[in-house]
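Understanding the architecture of this molecule
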Amino acid sequence: MLHIRGLTKAYGEHEVLRGVNLEAKAGEIVGLLGPNGAGKTTLVSIVAGLRRADAGHATVAGIDALAHPERARAVLGLAPQELGIYPVLSVEQNLGFFAELSGLTGKKLRGRVANVAEALDLTELLRQKAGTLSGGQKRRLHTAMALVNEPTVLFLDEPTVGADVRTRNQILEVVRQRAATGCAIVYTSHYLTEIEDLGATVAVLEAGRIIARGPLADLVAEHGSPALRLTFEGSAPALDGFEIAGSVATLLTPDPAHAAAMILGHLNGSTERLRSVDIVRPSLEAAYLALTGRRSNEDATAKTEEVIDELVA
Amino acid sequence: MNWSRSLVLMRQNWHLLMADPAPIVLLTAMPLVMMTFLQGTGRAVLHAAGYPDASGAELVVPGMAVMFSFFGVGFIGTAFFSEHGWGTWDRLRASRAGTIEIVLGKILPSALLMFGQLVLLFAIGIGVFGMKVSGSVAGMIVMMLTCVVLLVAFSMLLTAVLKTANQLMAVVNLAAMVLAGIGGALAPVEVLPGWAQAIAPASPAYWMLKGFRAVILERGGLDATIVPAAMTLAFAAGMVVIAVWRFSVTDEKVWDN
Ligand SMILES: Nc1ncnc2c1ncn2[C@@H]1O[C@H](COP(=O)(O)OP(=O)(O)O)[C@@H](O)[C@H]1O
Ligand SMILES: [Mg+2]
C-alpha cells in the first residue's frame with residue numbers, strides 16, 4: 001500500500017531525512033517512533049504532498065505520490081500533528097466539508113458523516129460549534145476529519161497528544177477498526193504503550209534514517225533488555241551498575257532474578273528503606289531506548305512519577 | 001480544476017465569512033457615517049471646483065466607497081491567514097482540492113462581498129444622499145467591477161508577501177488611507193498639495209476615482225471609463241504577477257506565521 005524509497009529532505013543546511021525507506025502493507029499499522037525533531041512530521045508531510053522531497057520515491061496504493069500528489073490525495077488521509085478544525089463551524093459542518101471535498105454528496109455524504117461521528121463518539125455533538133468542544137472532543141473531531149474520505153493509506157501524526165484516557169482509547173479503537181478493513185496506517189506517537197496496544201509493527205526514525213523496522217515482538221526480543229528495579233523511600237542509594245532516578249534504581253540485565261538475589265543482601269543501611277523489588281519485562285520502551293541510545297530527563301521524570309503513582313495506589 | 005469542488009470551497013468560505021458578520025457590517029456602516037459628516041464639505045469643495053449644482057454626494061460617495069473598499073482587502077487576506085491559525089491549511093492542501101480551487105474558493109466569496117459593498121454604498125448614495133449620476137450607468141458598473149478586480153489582486157499580493165495577520169491589517173489600514181487619500185477620496189486631486197498631485201497617478205485609487213468622477217460628475221459615457229479602467233487593471237495585473245512570483249519561490253513557507 002505504501003512504499004517509500006530513499007527519501008531525502010533538507011531544510012537549508014539541515015538534513016532531516018537522509019534516505020528513508022518504509023513499507024506498509026494493507027491492514028498494517030506502522031508505529032512510527034523517533035525522538036522529537038527526528039523528522040516524522042516531515043516524512044508524513046512529504047508523502048501527503050504538503051512539502052517537497054529533495055530526492056526519493058513514494059507511492060501510495062500504486063500512485064506516485066511525489067509526481068502526482070493530486071491523484072494520491074484521493075486515497076490519502078491525514079490528521080496533522082497540530083489540531084486542525086474550523087472553530088466557527090459545527091462538528092457536522094467540519095466533517096461534511098471534508099466529505100464533500102472527497103466527492104461525496106447527498107445520502108452517501110450524510111451516511112459517512114454519521115458513521116465517522118458514531119465511531120468517535122461525536123454523534124451528540126454534531127450541532128455544536130467546534131470551538132466550544134473540550135480538548136478531547138476536539139482531538140476526536142480532528143481525527144474523524146481524516147477518516148471521512150475512507151482513505152486506503154492513513155497518516156495520523158501524534159493523534160492522541162493532550163488527549164484524555166477515554167479519547168485515547170476511542171482513537172486507538174478506531175485505528176484498529178480501520179486497519180481491519182485493509183487501510184494501511186502510519187501512526188506516529190511518543191506513547192510507546194499505544195504502539196503496543198495497537199499491535200503495530202514498529203519503525204524507528206533516527207538521524208534521518210529508519211534504524212529499526214519490524215514486528216514489535218522481534219524488536220523487543222532483539223533490543224529490549226529486562227531490568228531489575230528497586231524502589232526506595234527517599235532517594236535511592238548509589239548502587240554499582242544501577243541507574244538512579246530519584247527513588248528508583250534500575251539495572252539492565254539479562255537475568256534480573258539472579259541479580260536480585262545477589263544485590264539484596266548487600267544493601268546495608270538502605271535495606272530499611274527498600275519499598276519494592278520489581279522485575280521489568282523487556283518492553284518496547286526498553287528496546288526503543290536501547291536503539292535511540294538516549295534517555296532524556298523527561299523520561300526519567302515520567303518514570304519516577306509512574307513509580308510514585310504505583311506506590312500511592 | 002473541478003467545478004463542483006470549487007463550489008464546495010466557495011460555499012465553505014462564504015460560511016466562514018458569515019460566521020462573523022461584524023466586520024462586514026462595520027465596513028458598510030462606517031463609510032455611510034463618514035458620508036453624512038463630509039457631505040457639506042464635499043458640496044463646498046465641488047462648488048469651488050466649478051460644479052455649482054453638486055450636492056456634495058458626488059465627491060464623498062465614491063470617495064468613501066473607494067476608501068472603505070480598500071479595507072475589504074483584509075477579508076481575503078484574513079481568509080487565508082485564519083486557515084493557518086486554525087491549523088486547517090495543511091488539511092485543505094492534503095484534501096483533493098487543488099491550489100487553484102482553494103485560492104478561487106477564498107477569493108470569489110470575498111469578491112462578491114466587495115462588489116455587494118460597492119453596490120450598496122452607491123445605491124444608498126443615490127437614494128439617501130442625493131448623488132446624481134450624470135453619465136453612463138453602465139460605466140458605473142464597469143468601474144465597480146474593475147475596482148473589485150484591483151482589490152482582489154491587491155489582496156493576493158499582500159497575502160503572498162506578508163507573513164502575519166497583524167502585518168496584513170497594518171498594511172491594509174495604511175494602504176486604504178494613503179492610496180485612497182492621495183487618489184482623491186477625501187478631496188479632489190486638483191485641490192491637493194502639488195507634491196501629492198504629482199504622485200497621485202501612482203495610486204490605483206486615483207484611476208478608480210477618475211473613472212467614477214467621469215461618469216458621475218462629468219457626464220462621461222462608457223468610453224470615458226476605458227482609460228481609468230485600463231489603468232486600474234494594469235495595476236491589478238502587476239500585483240498578480242508579483243503575487244504569483246512570490247508565491248512560487250517561497251514555496252511552503254509563504255503561509256507560515
Ligand atoms: N519548515 C521548516 N523549516 C525549517 N526546519 C524545519 C521545518 N520543519 C521542521 N524543521 C526541522 O526539521 C526537523 C524535523 O522536524 P519534524 O519533522 O517536525 O520532526 P518530528 O515530527 O519527528 O518531531 C526539526 O529539527 C525541525 O526543527
Ligand atoms: Mg512531529
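A look at the interface of chain B and chain A
Facing the 22 residues of chain B at the interface are 28 residues of chain A. Of the roughly 2,300 Å² buried at the junction of chain B and chain A (both faces included), carbon and sulfur atoms supply 58%. For the chain B face of the interface with chain A, the top three residues by lost area are Trp86, Arg91 and Arg96 of chain B, together amounting to 31%. Applying the counting rule to chain B against chain A returns one salt bridge. As a salt-bridge pair, Glu100 of chain A and Arg11 of chain B come within 2.7 Å of each other at their nearest N and O atoms. Our count for the contact surface shared by chain B and chain A stands at nine residue pairs in polar contact (both at pLDDT 80 or more). Within the residue set of the side of chain B that touches chain A, elements represented by two or more residues are helix H1 (3-18), helix H4 (73-86) and helix H5 (89-94) of chain B. Tallying contributions element by element places H1 of chain B first for the side of chain B that touches chain A, with seven residues.

Structural notes on the sheet that holds strand S3 (residues 29-33) of chain A
Residue and element names in this part refer to chain A. Across the sheet, which stays open at both edges, the six strands sit in the order S6-S7-S8-S3-S9-S10 with mixed pairing between neighbours. Each edge of the open sheet carries a strand with a single partner, namely strand S6 (76-79) and strand S10 (209-215). Going across the sheet, the axis of each strand differs from the next one's by a mean of 15 degrees, ignoring polarity. The pairing of strand S9 (residues 201-206) with S10 spans six bridges and is antiparallel. Paired with Val204 across the strands is Ala212, a residue of S10. Relative to S3, helix H1 (residues 40-47) is tilted by about 135 degrees, and along the sheet it contacts S3, S6, strand S7 (153-157), strand S8 (184-188) and S9.

As for the confidence of the model for chain A
Residues with a pLDDT of 70 or more make up 93% of chain A, whose mean pLDDT is 88. The low-confidence segment residues 294-301 of chain A (pLDDT under 50) makes eight contacts with residues lying over four places distant or belonging to another chain.

What about the site of ligand 1?
Residue and element names in this part refer to chain A. Contacts to ligand 1 come from 13 residues, most closely from Gly37, Gly39, Lys40, Thr41 and Thr42. Between ligand 1 and Gly39 there is a distance of 2.9 Å, counted from an oxygen atom to a backbone nitrogen or oxygen. In this structure, Arg51 approaches ligand 1 through a side-chain N or O atom, which is 3.3 Å from a nitrogen atom. For ligand 1, the protein covers 68% of the area, taking 560 Å² as the surface of the free molecule. Put simply, the parts of the chain that give the shell around ligand 1 at least two residues each are strand S2 (14-24) and H1. Its residues assigned to classes, the shell around ligand 1 shows four nonpolar, seven polar and two charged.

A closer look at the coordination of the magnesium ion (ligand 2)
Residue and element names in this part refer to chain A. For the magnesium ion (ligand 2), the full set of protein donor atoms is Thr41 (OG1) and Gln81 (OE1), at a range of 2.0 to 2.1 Å. Taken together, the residues Thr41 in helix H1 and Gln81 in the loop between S6 and helix H3 (91-101) connect sequence positions 40 residues apart. Look at Thr41 and you get partly exposed, because its relative accessible area is 23%. Exposure remark for Gln81: the relative accessible area of 29% places this residue in the partly exposed category.

Looking at unusual backbone geometry
Residue and element names in this part refer to chain A. In this structure, Asp121 takes a positive phi of about 60 degrees despite not being glycine. Its location among the elements puts Asp121 in the loop between helix H4 (106-119) and helix H5 (135-144). One non-glycine residue, Ala207, adopts positive backbone phi at about 50 degrees. The exposed category is assigned to Ala207, whose relative accessible area is 57%.

Description of the domain arrangement of chain A
Residue and element names in this part refer to chain A. Along its sequence, chain A is organised into domain 1 (2-219) and domain 2 (224-312). A C-alpha centroid distance of 35 Å is found between domain 1 and domain 2. In this assembly, 13 residues from domain 1 lie in contact with nine residues from domain 2. Summed over both sides, the interface between domain 1 and domain 2 buries roughly 870 Å², with carbon and sulfur atoms accounting for 72% of that surface. Counting the surface domain 1 buries against domain 2, the share from its top three residues, Leu192, Glu206 and Leu219, is 43%. For the pair domain 1 and domain 2, the interface holds zero salt bridges. The interface formed by domain 1 and domain 2 contains zero residue pairs in polar contact (both at pLDDT 80 or more). Every element with two or more residues in the side of domain 1 that touches domain 2 is listed here: helix H7 (192-198), S9, S10 and helix H8 (216-223). Residues that form the side of domain 1 that touches domain 2 fall into these classes: 10 nonpolar, one polar and two charged.

Procedures and definitions
Just so you know, the residues in each chain are numbered from 1, in the order the chain's sequence is written. Lettering of chains starts at A and numbering of ligands starts at 1, both following the order in which they are written. Where local features are concerned, this predicted model is filtered to residues with pLDDT of at least 70; where side-chain atom pairs are given and counted, the filter is 80 or more; whole-chain, interface and lining totals use all residues. Side-chain numbers come from the whole structure's heavy atoms, not from hydrogens or water. Contact criterion: two residues are considered in contact whenever any of their non-hydrogen atoms come within 4.5 Å of each other. Summed over both partners, the accessible area (1.4 Å probe) lost when two parts come together is defined as the buried area. The salt bridge definition used is simple: a Lys or Arg side-chain nitrogen within 4 Å of an Asp or Glu carboxyl oxygen. Pairs of N or O atoms are called polar contacts if they sit within 3.5 Å, as long as, within protein, a hydrogen donor faces a hydrogen acceptor (for residues adjacent in sequence, only side-chain-to-side-chain pairs). A run of H or I in DSSP becomes a helix once it reaches four residues, and a run of E becomes a strand once it reaches two; helices and strands are each numbered from the N terminus. Pairing between strands is defined by DSSP: at least two bridges between the two strands are required. Lines are fitted to the C-alpha atoms to define the axes, a helix being fitted only along its stretch in contact, and any angle between axes, read from their N-to-C directions, falls within 0 to 180 degrees. On a range of 0 to 100, pLDDT expresses the predictor's confidence in each residue. Near is defined per residue: the residue qualifies when any heavy atom it owns lies within 4 Å of the molecule or strand. The method behind every accessible area is Shrake-Rupley, applied with a 1.4 Å probe, and residues are considered shielded solely by the protein chains displayed. Only Asp, Glu, Lys and Arg are considered charged, only Ala, Val, Leu, Ile, Met, Phe, Trp, Tyr, Cys and Pro nonpolar, and every remaining residue, Gly among them, polar. Donor criterion used throughout: N, O or S atom within 2.8 Å of the metal, extended to 3.2 Å for Na, K and Ca. Water excluded; incomplete-looking sites may result. A simple rule labels every residue: compare its accessible area, found with a 1.4 Å probe on the protein chains alone, to the largest value its type can have, and call it buried under 20%, exposed over 50%, or partly exposed in between. Start and end points for every domain follow an automatic or database-based domain assignment.

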